Structures are given as C-alpha cells and as structure tokens.
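So the chains spell out like this:
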Amino acid sequence: MRRGEKRRGRLFLVEVLDRGDDKAPRVGYTVTKKVGNAVVRNRVRRRLKEAVRTHAAHDMAAGNDYVIVGREDVLGASFDQLKAELSRRIRGSR
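Residues numbered from 1 in each chain as written. Predicted model: local features only at pLDDT ≥ 70, side-chain atom pairs only at ≥ 80, totals over all residues. Heavy atoms only, no water.

## Notes on helix α1 (residues 38–56)
Then comes step 1: Here α1 contains 19 residues, and its C-alpha end-to-end distance of 25 Å stays within 8% of the 27 Å for a straight helix at 1.5 Å per residue.
Then comes step 2: Within the span of α1, buried status applies to R41, V44, R47, L48, A51, V52 and A56. With its buried residues spanning 130° around the axis, α1 presents them on a single face. What points out from α1, more than 90 degrees from its buried face, is the exposed set V39, R46 and R53.
Then comes step 3: Buried residues along α1 sit against β2 (12–18), β3 (26–30), β4 (64–70) and α2 (79–91).
Then comes step 4: One side-chain oxygen of the residue at the start of α1 lies 3.2 Å from the amide nitrogen of V39, identifying that residue as N37. (Helix = DSSP H or I, 4+ residues; strand = E, 2+ residues; numbered from the N terminus. Expected span 1.5 Å × (residues − 1). Buried < 20%, exposed > 50% of the residue type's maximum accessible area, 1.4 Å probe, protein only. Arc of directions from axis to C-beta. Contact = heavy atoms within 4.5 Å. Polar contact = N/O pair within 3.5 Å; in protein donor to acceptor, adjacent residues only side chain to side chain.)

## As for the environment of A77
Then comes step 1: As for its placement among the helices and strands, A77 is situated in the loop between β4 and α2.
Then comes step 2: Along the sequence, A77 and L11 sit 66 residues apart, while their C-alpha atoms lie 8.1 Å from each other.
Then comes step 3: Those residues within four positions of A77 in sequence are excluded, and the remaining contacts are L11 and R47.

## A short note on the pairing of β2
Then comes step 1: Within β2, 5 of the 7 residues are buried, which leaves the element mostly enclosed by the surrounding structure.
Then comes step 2: When strand β1 (residues 5–8) meets β2, the two strands line up antiparallel, connected through 4 bridges. Across the sheet, residue E5 finds its bridge partner in β2, namely V16.
Then comes step 3: Where β1 folds back onto β2 in an antiparallel hairpin, the turn is made up of 3 residues.
Then comes step 4: Pairing analysis gives 7 bridges linking β2 to β4, with the strands arranged antiparallel. (Pairing = 2+ DSSP bridges.)

This is the structure we're talking about:
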C-alpha cells in the first residue's frame, strides 16, 4: 500500500513521503507509457530533472522522499511555468 501525500497539478503529480529522519531528500521521476514513446518520455523526465536541479531542490525538506510523475503537458509549458509549478507543489501550497 502506498503511503504519503499526493499533490496533483496540471503538469505532474508529486508524491511526498516523510521518512522520519534528517538525511538529504531523495527524488524519483516516473513517466508512464501513456505519455508517449521513449523519446517523449525521456524529454519529459529531463525537463523535470533540470527544473528540480536548478530551482526546486532548495524547496525540498530533509527526510522526505519525492516522486514526480510527469505528464505530457510538461513539454508544452515554458520552463518558467514548470519551475514555478514544481516549487509550489513541493512546498505543498496551491
């Protein structure tokens, strides 16, 4: 059974689980086959990884695991929109 909190957005879903320790946050990325072929899925994953690396990593709390489930809309959004949405979902605000 899955535990943790789901934070849905137009571009992606963020699942957050508090591990209960003070170690560095961990991030996982998932893009399902419904999004497209391998090339499309990898493009979605790369955009999400770069947005986390450059912008949203400082919003992540220690001791949490994050799983980001990408949707195809990630490719159509500007990078600024992607960063803002990711930051908002990771912080847990609407």
